[in-house]
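Inside the fold
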Amino acid sequence: MRVYLDNAATTPLDPEVVSAMTDVLANCYGNPSAQHAIGRNAKGIMEMARRKIAEIINAKPSEILFTAGGTEADNIVIRSAVHDLGVKHIITSPIEHHAVLNTVEEMHHKGLAEMHLVTINDKGEVDLAHLEQLASKYPGSLITLMHANNEIGTLIDLKKVSEIAKKHNCIFHSDTVQTMGHYKIDVQEIGLDFLACSAHKFNGPKGSGFLYVRNTHKLKPIITGGGQEKNMRAGTENLYGIVGLAKALEISDRIIPEEQKRLQSLKTLMRKLITEQIPGVGFNGADNDEKNLYTVLNVSLPPNAAGEMLLFKLDIEGVCASGGSACSSGASKGSHVLAAIHHPDERTGVRFSFGKFTTEEDIRFAVQKLKKVISE
């Protein structure tokens, strides 16, 4: 038996998504930029996908820019804010995804924009009072904070951050890679300026995502050489990936209430079983379920025989999990997120993350194997 509990890294394709993408692959080979009937058909399919996505997040179709995923979307926002919108200060947190942190650090080291880190507590929660202080001191800044941390699952209050940003004339960007398709997100109600999304986090294809750009912001192209995506992103569009993205989001958005209830119960069960069977265990991230992703459980294990081999041994036992951000898999240094929340070095952090195909049997099997590998 093999159990997959690494859905925060990527998710299996939904069969309906496979069907929609396969249909396009087989029957729609036109270039959306072509003027003939076959090209116009491809363009029509792409624009229908754009309209569907816009409808789900309450945006205008013209505000949806297709990308290769969240990393590209984050890069476009940060680089464009500095080069096109006159941003001289960027406010972020020490636990952002490297797509944000590395890019902000580059802007800082090149002297293009100053980087300011908002304080977080040991649960990964943003200090909103400190955020307000920074926004007040540096009005007109870009505030870039992820909706939910990809390693420990701690959520921020998008609405409250947006209100702080608006009060001090700041631009607010949020990486919603872990929450899109899992929570209802209304960009108008929240007041977001930019939002990043990756399809493969909600049972869509890898290499496909989008960036929401509020139409009051005028950005220059990052990739040049063609007029695609309103001159913002040159190159023939990934049509079947875009169709898969839209279909996956449509399906996920439709089942959010029941999936949230089901997965939250599985997460609660896993936390209960681990607490009962493994003495000295703890959990990273916000304690309150409403402030933590229902798809992520980050476990803090006491010193044990498995040590650094824990994930390898779990894999041998048939359990796929993660020690942190999947984008850093194989890296020699540890998790910057766990370091930022002062997780003790002698303890092992392991992330279990759940998706639409996760079952109670998977949870019980994983806990049994976790207990085995740390007890041997």
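Overview of the structure. (Residues numbered from 1 in each chain as written. Predicted model: local features only at pLDDT ≥ 70, side-chain atom pairs only at ≥ 80, totals over all residues. Heavy atoms only, no water.)

Our focus in this paragraph is the pattern of salt bridges. Going through the model one piece at a time under the given rule, you end up with 20 salt bridges. The partner of Arg-2 in a salt bridge is Asp-315, with the nearest N and O atoms 2.8 Å apart. Remark: Asp-315 occurs in helix H10 (residues 310-316) and Arg-2 occurs in the segment before strand S1 (3-4); sequence separation between them is 313 residues. Salt-bridge contacts for Asp-14 lead to Lys-356; the nearest nitrogen and oxygen are separated by 2.5 Å. (Salt bridge = Lys/Arg side-chain N within 4 Å of Asp/Glu carboxyl O. Helix = DSSP H or I, 4+ residues; strand = E, 2+ residues; numbered from the N terminus.)

On to the nonpolar core, then. In this structure, Ile-57, Ile-64, Ile-143, Met-180, Leu-195, Phe-210 and Tyr-212 are the most contacted members of the largest nonpolar core, which totals 57 residues. A per-element tally of this core places helix H8 (residues 239-254) first, with 8 residues. Once residues within four sequence positions are removed from consideration, Met-180 is found in contact with Ile-57, Ile-185, Leu-195, Cys-197, Phe-202, Phe-210 and Leu-249. Core analysis: the next-biggest nonpolar cluster, separate from the first, contains 35 residues, Val-296, Leu-301, Ala-321 and Val-367 among them. (Core = buried A, V, L, I, M, F, W, Y, C linked by side-chain atoms within 4.5 Å. Buried < 20%, exposed > 50% of the residue type's maximum accessible area, 1.4 Å probe, protein only. Contact = heavy atoms within 4.5 Å.)

Taking strand neighbours across the sheet as the criterion, the 3 strands line up as S9-S10-S12 in an open arrangement whose pairing is antiparallel. Here the strands that pair on one side only, and so sit at the sheet edges, are strand S9 (282-284) and strand S12 (348-353). Within the sheet, the average angular offset between the axes of one strand and its neighbour, ignoring direction, is 35°. (Pairing = 2+ DSSP bridges. Axes fitted to C-alpha atoms, helices over the stretch in contact; angles between N-to-C directions.)

Let's shift gears to helix H1 (residues 15-27). Helix length check: H1, at 13 residues, gives a terminal C-alpha distance of 18 Å against a target of 18 Å (1.5 Å per residue), a fit within 8%. Buried residues in H1 make contact with H8. (Expected span 1.5 Å × (residues − 1).)

The residue Arg-50 is located in helix H2 (residues 37-57) in this model. We classify Arg-50 as buried; its relative accessible area is 8%. Ignoring any residue separated from it by four or fewer positions in sequence, one finds Arg-50 in contact with Pro-61, Ile-64, Leu-65, Phe-66 and Glu-229.

This structure, assessed with the given rule, holds 4 cavities of 30 Å³ or more. What the largest cavity holds in volume is close to 170 Å³. Every residue lining the largest cavity is counted, 20 residues in all, and those nearest its centre are His-182, Lys-201, Asn-203, Gly-355 and Lys-356. Broken down by element, the residue count for the lining of the largest cavity peaks at 3 residues, all from helix H9 (residues 256-277). Of the residues contributing to the lining of the largest cavity, the split by class is 8 nonpolar, 9 polar and 3 charged. In terms of lining residues, the second largest cavity is bounded by Ser-93, Ile-95, Glu-96, Gly-124, Val-126, Leu-145, Met-146, Ala-148, Asn-149, Thr-154 and Ile-156. In terms of residue class, the lining of the second largest cavity is made up of 6 nonpolar, 4 polar and 1 charged. (1 Å grid on protein atoms, 1.4 Å probe; cavity = no way out; pocket = protein on both sides within 12 Å on 5 of 7 lines; lining within 4 Å. Points joined across faces, edges and corners; volume = space filled by probe spheres on them. Nonpolar A, V, L, I, M, F, W, Y, C, P; charged D, E, K, R; others polar.)

Right, let's talk about the layout of surface pockets for a bit. For the second largest pocket, the calculated volume is near 500 Å³. For the second largest pocket, the lining is made up of 23 residues, of which Leu-155, Ile-156, Asp-157, Leu-158 and Glu-290 are closest to its centre. Of all the secondary-structure elements, those providing two or more residues to the lining of the second largest pocket are helix H6 (158-167), helix H7 (187-190) and H9. No other element matches the 3 residues that H6 contributes to the lining of the second largest pocket. By residue class, the composition of the lining of the second largest pocket is 9 nonpolar, 4 polar and 10 charged.

Take helix H3 (residues 70-83) next. Across its 14 residues, H3 extends 20 Å between first and last C-alpha, which sits within 8% of the 20 Å expected from 1.5 Å per residue. Most of H3 sits inside the fold, with 11 of its 14 residues counted as buried. Within H3, burial applies to Gly-70, Glu-72, Ala-73, Asp-74, Asn-75, Ile-76, Val-77, Ile-78, Ser-80, Ala-81 and Val-82.

The next thing to look at is a nonpolar patch on the surface. Residues Met-309, Phe-312 and Ile-316 make up a contiguous nonpolar surface patch of roughly 320 Å² in combined accessible area. Residue position: Met-309 is located in the loop between strand S10 (296-301) and H10. (Patch = residues over 30% accessible without salt bridge, like charges linked within 9 Å, V, L, I, M, F, W, Y side chains within 5 Å. Areas by Shrake-Rupley, 256 points an atom, 1.4 Å probe, with all protein chains shown as cover.)

Our focus in this paragraph is the pairing of strand S3 (residues 89-92). Neither face of S3 is open: one carries His-89 and Ile-91, the other Ile-90 and Thr-92, and all of them are buried. Where S3 lies against strand S4 (residues 114-117), 4 bridges are found, and the strand directions are parallel. Bridge assignment links Thr-92 to a residue of S4, and that residue is Leu-117. Once the chain exits S3 it traverses helix H4 (residues 98-109) before rejoining the sheet at S4, and the crossover so formed is right-handed. (Right-handed = clockwise from strand over helix to strand, strands pointing away.)

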